[in-house]
Amino acid sequence: MVLEGNPEVGSPRTSNLGHPGSQGSCVLSSPGEDAQPGEEPIKYGELIVLGYNGCLASGDKGRRRSRLALSRRPHANGVKPDVMHHISTPLVSKALSNRGQHSISYTLSRSHSVIVEYTHDSDTDMFQIGRSTENMIDFVVTDTSPGGGAAEGPSAQSTISRYACRILCDRRPPYTARIYAAGFDASSNIFLGERAAKWRTPDGLMDGLTTNGVLVMHPAGGFSEDSAPGVWREISVCGNVYTLRDSRSAQQRGKLVENESNVLQDGSLIDLCGATLLWRTPAGLLRAPTLKQLEAQRQEANAARPQCPVGLSTLAFPSPARGRTAPDKQQPWVYVRCGHVHGYHGWGCRRERGPQERECPLCRLVGPYVPLWLGQEAGLCLDPGPPSHAFAPCGHVCSEKTARYWAQTPLPHGTHAFHAACPFCGAWLTGEHGCVRLIFQGPLD
């Protein structure tokens, strides 16, 4: 039976046979805005990769970076569903041969495939994210390892898809951004093989999930001082929202969540099974602290001349320009179980409990003893509050609201697990609260 539909988004026309034409061909262009010279481009939002404290270890270069702004393009390059074809397998290669025609191919069996052609959408801009370094990928993302290490180079064992997801942004106010699983490859195609989770929707259309899935979590109350973590959901190839599968790559999809959408909000988290991205809106970034404010807080903290309560030496947070190298002589250290801040000292080791386990000389609690580092990625902060709390056990410092939010936010790991992690380095958080209030001692004079 031939299915008849509406050629609007989400309701492609259908036919039994047909060959993709050239309509809708478009070329990815670099972000920009057809504005007058000197004018700021219209910004849709920014993506920030968790686990990098402001910059990749090897430096931000081109499309491989820790943070990317999505701005209005000179010319729209979005696409939308147009025509659906029911074809036999021998015709698949011919149907997909036109690289100017975007399409999604659903392989139902060896003798039956469904191809949905996409046509040009002059109202949206499309941005693609994935591990591939090919030109159609706007933001190249590689695996981030728990514990502060980052796998920035190519990895044969990467769990991030080469064409992980795509974001479509409305070119007109309010510039709504929507996320979809999977991105178009060099042939402008998304291919879901026989083993991929796919199904026919009640209205006769097709939808599916990628191998490891694209998960999204929208925070409750926005991304502000009153935020609370939301519920993780999975986004389909067509942008529908589902509950999580039993495991990350299970073939059985979750349940459709009809009252939720794929619209990104300020603070939405996007997990690509190997890296997690934070979406910040322009309005949300205006509430976030600036790098100038973070530097002023560092200088203010140092101007208070905190001292080591034992060695009586003056402590000072190092300049961000130094990067996270070996701690210097004035570096503040903390006992992460109690929060007492000291200068570095070599006593109190409990080697039977691990090389980092020390006994605090003030309260006798035993636990990790680590240097303190200021969080330098301002977009990860919920408020411009003073740097009063540190994550355990990594020692990254931020405001109380920021620390408590991330400490109670479970981030996906592997196929089943969820762990709270430091947003600045990716280290899994430990202890009862995942963070600790810092206790400084002021100068004695």
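What counts, and at which threshold
Residues numbered from 1 in each chain as written. Predicted model: local features only at pLDDT ≥ 70, side-chain atom pairs only at ≥ 80, totals over all residues. Heavy atoms only, no water. Helix = DSSP H or I, 4+ residues; strand = E, 2+ residues; numbered from the N terminus. Expected span 1.5 Å × (residues − 1). Buried < 20%, exposed > 50% of the residue type's maximum accessible area, 1.4 Å probe, protein only. Arc of directions from axis to C-beta. Contact = heavy atoms within 4.5 Å. Salt bridge = Lys/Arg side-chain N within 4 Å of Asp/Glu carboxyl O. Pairing = 2+ DSSP bridges. Axes fitted to C-alpha atoms, helices over the stretch in contact; angles between N-to-C directions.

Asks: Help me out: how do you make sense of helix 3 (residues 291–303) in this one?
Replies: Structural remark: α-helix, 3.6 residues per turn; residues separated by three or four positions point the same way. For helix 3, spanning 13 residues, the distance from its first C-alpha to its last is 18 Å, which sits close to the expected 18 Å at 1.5 Å a residue. Looking at helix 3, one finds that the buried residues are L294, Q297, R298 and N302. Viewed end-on, helix 3 has its buried residues packed into an arc of 135°, placing them on one side of the element. In helix 3, the exposed positions that point more than 90 degrees away from the buried face belong to K292, E300 and A303. On its buried side, helix 3 packs onto strand 23 (373–374). Downstream of helix 3 by one or two residues, R305 has phi in the positive range, about 50°.

Asks: Hey, could you run me through the pattern of salt bridges in this one?
Replies: Side chains that differ in sign of charge can pair as their charged atoms come close. Counted under the stated rule, the structure contains 15 salt bridges. Among the ionic pairs, E295 bridges to R298, the shortest N-O distance being 2.8 Å. Of this pair, E295 and R298 both sit in helix 3, 3 residues apart, which is roughly one turn of that helix. The network of salt bridges with shared partners includes K43, E46, R67 and E377.

Asks: Honestly, the sheet that holds strand 8 (residues 139–140) in this entry has me stumped. Any pointers?
Replies: One key point about sheets: their strands pair by backbone hydrogen bonds, in either a parallel or an antiparallel sense. Within the open sheet, the 4 strands sit side by side as 8-7-9-10. Their pairing is mixed. Looking at strand neighbours, the two that pair on one side only are strand 8 and strand 10 (177–181), the edges of this open sheet. Pairing between strand 7 (residues 124–130) and strand 9 (residues 165–170): 6 bridges, direction antiparallel. Residue pairing across strands places M126 opposite L168, the latter belonging to strand 9.

Asks: Before we go on, may I ask you to explain the sheet that holds strand 23 in this structure?
Replies: Ordered in space as 23-25-24-28, the 4 strands form an open sheet in which the pairing is mixed. Unpaired on one side and paired on the other, strand 23 and strand 28 (435–437) mark the two borders of the sheet. Across the sheet, helix 4 (residues 400–407) lies against strand 24 (389–391), strand 25 (396–398) and strand 28, angled at about 30° from strand 24, the strand it touches most.

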